[in-house]
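Overview (structure and organization)
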Amino acid sequence: MTAGGKRQGAGRKPLPPDQRAVGITMRVRPDIAARFSAWCTLRGVSQSRAFSAWVKRSARESPKGL
């Protein structure tokens with residue numbers, strides 16, 4: 001079996017199950033979604049990376065660490 005390439009061992013190796021990204025769905029107002037998308041585009045980061053950074057930062061600042 002190959003993982004992403006024709007040659008044995010070619011391509012990116014799969015991530016361990018505990019490191020794989022999962023999809024989440026949040027309902028927000030259209031203006032909030034547009035502002036978040038524009039913020040990410042302006043800074044050149046993906047929405048996933050921006051949200052992940054925000055969660056990590058808020059956990060560090062939380063008194064109980066969530």
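An account of the accompanying structure is given in this report.

A grouping of Val22, Ile24, Met26, Val28 and Ile32 is seen on the molecular surface, where their side chains present a nonpolar patch of about 500 Å² in accessible area. Mapped onto the elements, Met26 comes out in the segment before α1 (30-43). Residue classification places Met26 among the exposed positions, given a relative accessible area of 53%.

A few words on the pattern of salt bridges. By the definition in use, this model includes one salt bridge. For the salt bridge of Arg29 with Asp31, the shortest nitrogen-to-oxygen distance reads 3.2 Å.

What follows concerns the layout of surface pockets. Size it by volume and the largest pocket reaches roughly 770 Å³. Around the largest pocket sit 23 residues that line it, and Ile24, Gln47, Ser48, Phe51 and Ser52 are the ones nearest its centre. Residue assignment for the lining of the largest pocket shows that the elements contributing at least two residues are α1 and α2 (47-61). No other element matches α2, which puts ten residues into the lining of the largest pocket. Within the lining of the largest pocket, the residues separate by chemical class into 13 nonpolar, five polar and five charged.

Moving on: the environment of Trp39. With respect to the helices and strands, Trp39 occurs in helix α1. The class for Trp39 is partly exposed, based on a relative accessible area of 39%. When the C-alpha atoms of Trp39 and Ala50 are compared, they prove to be 9.2 Å apart, with eleven residues separating the residues in sequence. Setting aside residues no more than four positions away along its own chain, Trp39 makes contact with Val45 and Ala50.

Here is what the cut-offs are and how they apply
Residues numbered from 1 in each chain as written. Predicted model: local features only at pLDDT ≥ 70, side-chain atom pairs only at ≥ 80, totals over all residues. Heavy atoms only, no water. Patch = residues over 30% accessible without salt bridge, like charges linked within 9 Å, V, L, I, M, F, W, Y side chains within 5 Å. Areas by Shrake-Rupley, 256 points an atom, 1.4 Å probe, with all protein chains shown as cover. Salt bridge = Lys/Arg side-chain N within 4 Å of Asp/Glu carboxyl O. Helix = DSSP H or I, 4+ residues; strand = E, 2+ residues; numbered from the N terminus. Buried < 20%, exposed > 50% of the residue type's maximum accessible area, 1.4 Å probe, protein only. 1 Å grid on protein atoms, 1.4 Å probe; cavity = no way out; pocket = protein on both sides within 12 Å on 5 of 7 lines; lining within 4 Å. Points joined across faces, edges and corners; volume = space filled by probe spheres on them. Nonpolar A, V, L, I, M, F, W, Y, C, P; charged D, E, K, R; others polar. Contact = heavy atoms within 4.5 Å.

Honestly, it's all geometry; don't read function into it.
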